[in-house]
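Architecture at a glance
Now for the letters of each chain:
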Amino acid sequence: MASIKIVLRKEKRKKDGTYPLAIRIIKDRKPKYIHTDQSIDIKHWDDKERRVKKSHPNSVRLNNLLLAKLKEANDIALEIETDNKSISSKEIRKKIARKGRSVSFFQYGAERVKGKFISGVYAVAKPERSILCNIEEFVNHKPSTPIDDARKAIQERRRNRIGSSRKKGYSFLNELKTFDKNTSLFFEDINTAWINQFKIFCTSHLEMKKRTITNQLIFIRTLFNEAISDGVVDAKHYPFAGDNEKIRIGSSHKIGLTKEEVEKIEMLDLKEGESIWHARNAWLIAYYFAGIRISDTLNLKWEDFKDGRLFYIMHKNEKPVSLKVPEKAQTILGLYKNKSSRKKDFVFDYLKKADPSNSHDLFVKARNATSLINKYLKRIAEMAGIDKNLSNHIARHTFGNIAGDRIHPLMLQKLYRHGDLKTTINYQANFIHKEADEALDSVIGQ
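Presented here is a report on the structure given in the accompanying data block. (Residues numbered from 1 in each chain as written. Predicted model: local features only at pLDDT ≥ 70, side-chain atom pairs only at ≥ 80, totals over all residues. Heavy atoms only, no water.)

Examining the packing of aromatic side chains
Under the definition given, this model contains 22 aromatic pairs. Measuring from centroid to centroid gives 5.0 Å for Phe-117 and Tyr-122, while their planes differ by 70 degrees, and the two rings are edge-to-face. The same class applies to Phe-117 and to Tyr-122, which are both buried. Relative to Tyr-287, the ring of Trp-283 lies with its centre 6.0 Å away and its plane at 15 degrees, an arrangement referred to as stacked. You can see Trp-283 and its partner Tyr-287 sitting in helix H10 (residues 275–288), four residues apart, about one turn around the helix. You can call Tyr-287 buried: its relative accessible area is 14%. An aromatic cluster is present here, built from Phe-105, Phe-106, Tyr-108, Phe-179, Phe-187, Phe-224, Tyr-238 and Phe-240 joined pairwise through their rings. (Phe/Tyr/Trp six-rings, centres within 6.5 Å; stacked < 30°, edge-to-face > 60°. Buried < 20%, exposed > 50% of the residue type's maximum accessible area, 1.4 Å probe, protein only. Helix = DSSP H or I, 4+ residues; strand = E, 2+ residues; numbered from the N terminus.)

Here's the deal with the pattern of salt bridges
The full count for this structure, using the stated rule, is 14 salt bridges. Across the salt bridge formed by Asp-47 and Lys-10, the nearest N and O atoms sit 3.6 Å from each other. Of this pair, Asp-47 sits in the loop between strand S4 (45–46) and strand S5 (51–52) while Lys-10 sits in the loop between strand S1 (3–8) and strand S2 (19–27); the two residues are 37 residues apart in sequence, bridging distant segments of the chain. Lys-10 sits in the partly exposed class, given a relative accessible area of 42%. Glu-226 is paired through a salt bridge with Arg-112; the nearest N and O atoms lie 2.6 Å apart. Of this pair, Glu-226 sits in helix H8 (residues 210–230) while Arg-112 sits in helix H3 (residues 105–118), and the two are 114 residues apart along the sequence. (Salt bridge = Lys/Arg side-chain N within 4 Å of Asp/Glu carboxyl O.)

Focus on unusual backbone geometry
At Asp-28, a position not held by glycine, the phi torsion is positive, near 55 degrees. For Asp-28, the position within the fold is in the loop between S2 and strand S3 (30–40). You can call Asp-28 exposed: its relative accessible area is 59%. Within the chain, Asp-307 stands out as a residue other than glycine whose phi angle is a positive 55 degrees. On the secondary structure map, Asp-307 appears in the loop between strand S6 (305–306) and strand S7 (309–313). Given the relative accessible area of 79%, Asp-307 is considered exposed.

Let's talk about the sheet that holds S7
Ordered by their spatial adjacency, three strands build an open sheet running S6-S7-S8, and the pairing between neighbours is antiparallel. The sheet terminates laterally at S6 and strand S8 (320–324), the two strands that pair on one side only. Relative to S8, S7 runs antiparallel, the two sharing five bridges. Within S8, the position partnered with Phe-311 by the bridge is Ser-322. (Pairing = 2+ DSSP bridges.)

Such coordinate-based values are descriptive only and should not be taken to indicate function.
This is the structure in structure tokens:
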């Protein structure tokens, strides 16, 4: 069992001459300390009784505070050691220090988002920060406010956030600091009733679709799991356990183009050098390489091509990829490479003005380029007479649709760069219709 006592840190004399009071945890002869934010003159401390002497003007209040903290620490330590007898003093200290309503949901969430941003995972950090803002809207909203008025106010705040993010000198990390003192929501406040009301708010006030609402809940669940692991909240408050809230990700149709529709795009007479021409080429390159993601397409450099093959690291999961350069892809690449092309140059110019040493600048310019390309792809679909929603991501669906059941799942797993074969099988199931069609024909007739 861990030994937990109140001590005066006599080795930690402060500038004002006082000494800090702390909770000392000893387990396996290794001491750890949790400071109470209280300090006193050494003459007011009774070392034998481990309490503040009556000579201190606030001795009663201080002793009551220390006893409460000691009891709380002992209760938590007992609970922790009951579940894990081999736990260290360091882990006990960590869980005691972070237990209870000392860290709000927003403070903890902002720390996670900050970590993602600092790690360069901008595609996660920015959407998660938006989810925090959505939850904050729910917590702050007044039910008495008419829905139309509330929607307009929410939209205005959203426009202001987007506008400020585009201004010179904007700092994402500084923006996150707005959550530092937000204690309007704690993990213990989130239960089934709260979640049900939040889902209603997402539909009525934020005008979200079902899948977007699911993303908000997944974020809340993720934070809960991490907070429980860190000892911020007790597992008994977990609102997604047992018969509580169940997050179900609904399936959606993944629709790709047919081979004939791809040929229509290839045959479009577009003026060389125009924006729409570059957008068509970027989309086709993504398709020719088994539907690589647009972020990877935009980041392709000439040094990634060697001996008739493409070698690159997939951005999403950092997996190395090696693919043969198809003849059609070689033709498009030939339109961009010239004598002045250097190995470090991007194949496409969308990121030409980005600072290659600034990962955030690359992310922002790639995101802007993606939006631009998607805009031109809509025009390309109209020109080619295609009534499907042509976008960057549909290049991946198109490869899967045309591949159908003709390619072995193991090979498709390699081409898609999936870590799990099950993921490949589930993904490709969206594009395999032969058996179902034949079964239908056998009953209805052709």
